[in-house]
Amino acid sequence: MAVFSGVHAALLTAFDTDGQLDTAATAALATDLIDRGVHGLVVNGSTGEFASLSTEERRLNLETVIAAVGDRTQITAQVGAMTTADAVASAEHARKAGAVAGMLVCPYYEAIDEREVEAYFRTVAEVGLPLMIYNNPSATGWSMRPEFIARLATIDGVEFLKDTTPEVGRLFHIRDLCEDRIEILSGQDSVALAGFLAGGARATVWGAVNAVPEACVRLWELAVLDQDPERAREFWRHLYPLTHFFETHGYAQAVKTATNLRGVEVGVPRLPALPVPESDLDELRRVLAHANQAVARFGRAPAAQTA
């Protein structure tokens, strides 16, 4: 069983000026994040605009990142799809390509019930790739009940949970129901600190990492490694405004704009999504600078730190 610890970036997907995959830019971003101390990468997730990618593009994206940094870090592939057959095929490809786990979001258009979701998970788990439940209500339109998550956690091969909700209390309930059968990762940027301090999460999958990798790693160090809640809370005061901006300005688009602003070129979102409008860029620059200044004040996270 893989063990997740530290800060895992929900990796952006870079596009060129024609809206096609820019594999060189995606590889450069992946390398930059690992060089800056990030502990793992999740490819083809929501921040990576996977819903706008073809099957072939998702596979190329994953292969590109594994070729760039697969020998240096843990790489997880989001393998969820609209059909079970497509999810199985993505999981098989991810396993053969060298991913350590597959993050599995539920089909996200046509509503399906718990019986159908459980069958979906059971079938994909048969591939043999360790699975991470991806509870993302904003994408699927519904949130998994803790009791249902506990049932999924009894499936052979379902080993992790990314819970993308603002309800930190859920983590206690899920942990109580699942005991040690599943590893819980915090998945909502704006409650990351609460997930570390109150929810007991030792790892996070976080899109903001693309834009402020050192700040995200430093928060994890303070909260989890140092177990210094007072300094972690003080640091969070400087980082939270940026996470709030991302969550209120079109998440993937805002993270991508901020990553370009820090000097790592990843292009623009794939249409119909658009970059942050010019009228909001001054605010983004301000909260971005505020977060980066905090890293200097609280000490920079060491590069390429082992989780």
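So, how was this worked out
- Residues numbered from 1 in each chain as written.
- Predicted model: local features only at pLDDT ≥ 70, side-chain atom pairs only at ≥ 80, totals over all residues.
- Heavy atoms only, no water.
- Core = buried A, V, L, I, M, F, W, Y, C linked by side-chain atoms within 4.5 Å.
- Buried < 20%, exposed > 50% of the residue type's maximum accessible area, 1.4 Å probe, protein only.
- Contact = heavy atoms within 4.5 Å.
- 1 Å grid on protein atoms, 1.4 Å probe; cavity = no way out; pocket = protein on both sides within 12 Å on 5 of 7 lines; lining within 4 Å.
- Points joined across faces, edges and corners; volume = space filled by probe spheres on them.
- Helix = DSSP H or I, 4+ residues; strand = E, 2+ residues; numbered from the N terminus.
- Nonpolar A, V, L, I, M, F, W, Y, C, P; charged D, E, K, R; others polar.
- Expected span 1.5 Å × (residues − 1).
- Lys, Arg positive; Asp, Glu negative; His and termini not counted.
- Salt bridge = Lys/Arg side-chain N within 4 Å of Asp/Glu carboxyl O.
- Polar contact = N/O pair within 3.5 Å; in protein donor to acceptor, adjacent residues only side chain to side chain.
- Axes fitted to C-alpha atoms, helices over the stretch in contact; angles between N-to-C directions.
- Parallel < 35°, antiparallel > 145°, perpendicular 65-115°, else oblique.
- Left-handed = near helix turned anticlockwise from the far one by under 90°.
- Pairing = 2+ DSSP bridges.
- Right-handed = clockwise from strand over helix to strand, strands pointing away.
- Phe/Tyr/Trp six-rings, centres within 6.5 Å; stacked < 30°, edge-to-face > 60°.

Caption draft 1: Quick peek at the nonpolar core. Grouped together as the largest cluster of nonpolar side chains are 88 residues, with contacts concentrated most on Leu41, Phe121, Leu239 and Phe246. With residues near it in sequence (within four places) discarded, Phe246 still touches Ala208, Ala211, Tyr251, Ala254, Val255, Ala258 and Leu284. Within the second largest apolar cluster, 13 residues are counted, among which are Phe4, Phe50, Phe160 and Val205.

Caption draft 2: Focus on the layout of surface pockets. Counted as a void, the largest pocket has a volume near 620 Å³. Surrounding the largest pocket, 26 residues form its lining, Ser46, Tyr134, Asn136, Ser138 and Tyr251 being those nearest its centre. Listed by contribution, the elements that provide at least two residues to the lining of the largest pocket are α5 (137-140) and α11 (251-261). With 3 residues, α5 is the single largest residue contributor to the lining of the largest pocket. Within the lining of the largest pocket, the residues separate by chemical class into 12 nonpolar, 10 polar and 4 charged.

Caption draft 3: Inspection of empty space enclosed by the protein at higher detail. Following the criterion strictly, the structure yields 3 cavities of 30 Å³ or more and no others. Of all the secondary-structure elements, those providing two or more residues to the lining of the largest cavity are α2 (55-69), β3 (74-78) and α3 (84-97). When the residues that make up the lining of the largest cavity are grouped by side-chain class, the tally is 4 nonpolar, 5 polar and 2 charged. Here the second largest cavity is characterised by a volume of approximately 50 Å³. Around the second largest cavity, the lining residues are Asp163, Thr165, Glu167, Val168, Leu171, Ser186, Gly187, Gln188, Val191 and Gly195. Here the residues of the lining of the second largest cavity are counted per class, giving 3 nonpolar, 5 polar and 2 charged.

Caption draft 4: Inspection of α3 at higher detail. Between the first and last C-alpha of α3 there are 20 Å, a value that for 14 residues agrees with the 20 Å anticipated at 1.5 Å per step. Taken as a whole, α3 has its buried residues at Ala87, Val88, Ser90, Ala91, His93 and Ala94. Following α3 by one or two positions, Gly98 has its phi on the positive side, about 115 degrees.

Caption draft 5: Spotlight on the side chain of Asp189. With respect to the helices and strands, Asp189 occurs in the loop between β7 (183-186) and α8 (192-197). Of the buried charged residues, Asp189 lacks a salt bridge, with Lys162 as the closest side chain of opposite charge at 6.8 Å. Within the structure, the side chain of Asp189 is placed 2.4 Å from the side chain of Tyr251, a separation counted as a polar contact. Every residue in contact with Asp189, bar those within four places of it in the chain, is listed here: Trp206, Gly207, Ala208, Trp236, Thr243, Glu247 and Tyr251.

Caption draft 6: View of the packing of α2 against α3. For the pair α2 and α3, interaxial distance at closest approach is 10 Å and the crossing angle is 20 degrees. Comparing the axis directions of α2 and α3 gives the class roughly parallel. Of the two elements, α2 crosses α3, and the hand of that crossing is right-handed. Here Arg59, Leu62, Glu63 and Ile66 of α2 come into contact with α3, specifically with Ala89, His93, Ala94 and Ala97. Of the residues contributing to the contact of α2 with α3, the split by class is 5 nonpolar, 1 polar and 2 charged.

Caption draft 7: Molecular detail of the pairing of strand β6 (residues 158-163). Across the 6 residues that make up β6, a large majority, 6, are buried. Here β6 runs beside β7; their pairing, made up of 4 bridges, is parallel. Pairing of Leu161 across the sheet is with Ile184, part of β7. As a crossover connection, the stretch from β6 through helix α7 (residues 168-178) into β7 is right-handed.

Caption draft 8: Just the packing of aromatic side chains, in detail. In this structure the tally under the stated criterion is 8 aromatic pairs. The interplanar angle of 85 degrees and the centroid separation of 4.6 Å between the aromatic rings of Phe4 and Phe160 together place this pair among those described as edge-to-face. Within this pair, whereas Phe4 is found in the segment before β1 (6-10), its partner Phe160 is found in strand β6, the two being separated by 156 residues in sequence. Accessibility classification places Phe4 together with Phe160 in one group, the buried group. Note on Phe235 and Phe298: the rings are 5.3 Å apart at their centroids and 85 degrees apart in plane angle, and the pair reads as edge-to-face.

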